[in-house]
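# Breakdown of the fold
Residues per chain, in single letters:
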Amino acid sequence: MDPKGKVAVITGGASGIGRATAQLLAACGAAIVIADLAEARGAETVAEITAAGGRAVFVKVDVTGEDDTRRMLDTAVQRFGGLDILYNNAGIAVGLPGYPAASIQRWRRVIDIDLQAVILGCYLAAPLMDPKGGAIVNTASMAGLYPYKDDPVYGAAKAGVVNFTYSLAPWAAKRNIRANCVCPGVVDTPLVRKGIEEAKRAGHSAGIPATIIQPSAIAAAVLTLITDDSLFGRALEVRPSGPRLVDTPAAPGTRRRAD
Ligand SMILES: NC(=O)c1ccc[n+]([C@@H]2O[C@H](COP(=O)([O-])OP(=O)(O)OC[C@H]3O[C@@H](n4cnc5c(N)ncnc54)[C@H](O)[C@@H]3O)[C@@H](O)[C@H]2O)c1
């Protein structure tokens with residue numbers, strides 16, 4: 001799908017990876033709905049996109065809620081005339097003191113934002129998408145592909161996003177929607193910088209890794225998942241060395257799709 005002239009909703013679009021993706025898709029000619037809790041940063045992102053000649057609006061939402069999610073998707077239809085692309089990207093980590101010391105409310109909130117909201121977004125967006133073709137990208141993480149001892153609940157939520165994307169793809173494809181996910185390594189965003197500061201305050205040795213990935217590299221990977229019409233239910237891992245499609249596992253007795 002060529003994003004030019006298309007309409008994209010980006011959750012968590014006010015910061016980090018979501019913001020970089022909003023800027024890139026807007027530069028490619030898509031109209032963007034930035035959906036986020038962070039009002040000031042959302043307005044700032046809209047102003048940047050508009051100043052660069054793009055089209056964007058901000059809508060304040062909590063992606064865990066059904067009414068908010070419907071409102072965010074309806075904004076795309078009402079303001080820009082349709083919905084072609086949904087990028088489910090908003091996310092948080094458990095943070096220190098980590099599981100199991102963190103409160104039950106905290107780790108449930110992580111699953112709610114990082115996994116449940118992705119499922120909800122796909123559910124509510126599919127009927128609104130252009131029957132000629134839509135694209136959904138979900139932000140998972142390398143933490144969803146491999147064991148992640150630093151934050152097991154985050155890892156479980158992101159593994160859920162990967163498997164949900166694999167498993168949803170045939171249902172979505174019947175509706176002419178391609179659903180894929182991106183699995184970033186460590187990216188230089190406010191989420192990561194906050195985690196490093198918290199770790200330092202708690203007396204751990206922590207710092208920005210030399211191999212940290214820039215948000216623009218993840219935005220480029222998301223653009224690939226949107227533009228490459230051959231990709232259905234795939235996970236694109238992004239390491240510092242670059243992106244690579246993950247080999248999709250096959251259930252026993254079934255054949256793995258050729259890459
Ligand atoms: N930064 C990394 O190293 C990294 C690595 C792998 C995956 N990810 C994932 O990438 C995504 C984006 O993370 P980021 O690093 O850009 O973080 P970020 O904190 O810079 O941006 C996340 C955005 O999501 C928004 N958000 C959080 N909860 C929300 C809610 N309930 N409703 C609406 N908006 C909400 C925040 O306000 C923020 O603007 C997340 O899903 C994260 O788990 C990040």
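Let me sum up the structure you'll find in this document. (Residues numbered from 1 in each chain as written. Predicted model: local features only at pLDDT ≥ 70, side-chain atom pairs only at ≥ 80, totals over all residues. Heavy atoms only, no water.)

Ranked by size, the top nonpolar core spans 46 residues in total, and within it V9, V33, M72, L73, L83, L86 and I136 carry the most contacts. Secondary structure elements with two or more residues in this core: β1 (7-11), β2 (31-36), β3 (55-60), α3 (66-80), α4 (104-125), α5 (152-174) and β6 (177-184). The dominant element in this core, judged by the number of residues it contributes, is α4, at nine residues. Every residue in contact with L73, bar those within four places of it in the chain, is listed here: V9, L83, L86, G121, L124, A125 and L128. The next biggest cluster of nonpolar side chains, apart from the first, holds 29 residues, and it includes I17, I85, Y87 and A135. (Core = buried A, V, L, I, M, F, W, Y, C linked by side-chain atoms within 4.5 Å. Buried < 20%, exposed > 50% of the residue type's maximum accessible area, 1.4 Å probe, protein only. Helix = DSSP H or I, 4+ residues; strand = E, 2+ residues; numbered from the N terminus. Contact = heavy atoms within 4.5 Å.)

What follows concerns the site of the ligand. In the vicinity of the ligand there are 29 residues, among which S15, D36, Y154, V187 and T189 approach most closely. Between an oxygen atom of the ligand and a main-chain N or O atom of I17, the distance comes to 2.8 Å. Separating a nitrogen atom of the ligand from a side-chain N or O atom of R109 is a distance of 3.4 Å. Computed on the free molecule, the ligand has an accessible area of 820 Å², of which 94% lies beneath the protein chains in the complex. For the shell around the ligand, the secondary-structure elements that each account for two or more residues are α1 (16-27), α4, α5 and α6 (190-201). When residues in the shell around the ligand are grouped by element, the largest group, three residues, is from α6. Considered class by class, the residues forming the shell around the ligand number 16 nonpolar, nine polar and four charged. (Near = heavy atom within 4 Å. Polar contact = N/O pair within 3.5 Å; in protein donor to acceptor, adjacent residues only side chain to side chain. Areas by Shrake-Rupley, 256 points an atom, 1.4 Å probe, with all protein chains shown as cover. Nonpolar A, V, L, I, M, F, W, Y, C, P; charged D, E, K, R; others polar.)

Bringing the pairing of strand β4 (residues 85-88) into the picture now. Each regular strand shows side chains that alternate between the opposite faces of the sheet. Burial along β4 is two-sided: I85 and Y87 facing one way and L86 and N88 facing the other are all buried. Where β1 and β4 come together, three bridges link them in parallel fashion. Bridged to A8 within β4 is I85. A crossover links β4 with its parallel partner strand β5 (residues 134-139), the connecting element being α4, and its sense is right-handed. (Pairing = 2+ DSSP bridges. Right-handed = clockwise from strand over helix to strand, strands pointing away.)

Any pair of aromatic rings gets described here by the distance separating the centres and the angle formed by the planes. According to the stated counting rule, one finds two aromatic pairs in the structure shown. On the numbers, 5.8 Å between centres and 80° between planes, the contact of Y99 with W107 is edge-to-face. With a centroid separation of 6.1 Å and an interplanar angle of 55°, the aromatic rings of Y148 and Y154 are classed as tilted. (Phe/Tyr/Trp six-rings, centres within 6.5 Å; stacked < 30°, edge-to-face > 60°.)

Here the focus is unusual backbone geometry. The phi angle of most residues is negative, glycine excepted, and most peptide bonds adopt the trans form. For the peptide bond that leads from L96 to P97, omega is 10°, which places it in the cis range. For P97, the position within the fold is in the loop between β4 and α4. Cis rather than trans, the peptide bond between Y99 and P100 has omega equal to 10°. One non-glycine residue with positive phi stands out, namely N176, at about 65°. Tracing the sequence through the fold places N176 in the loop between α5 and β6.

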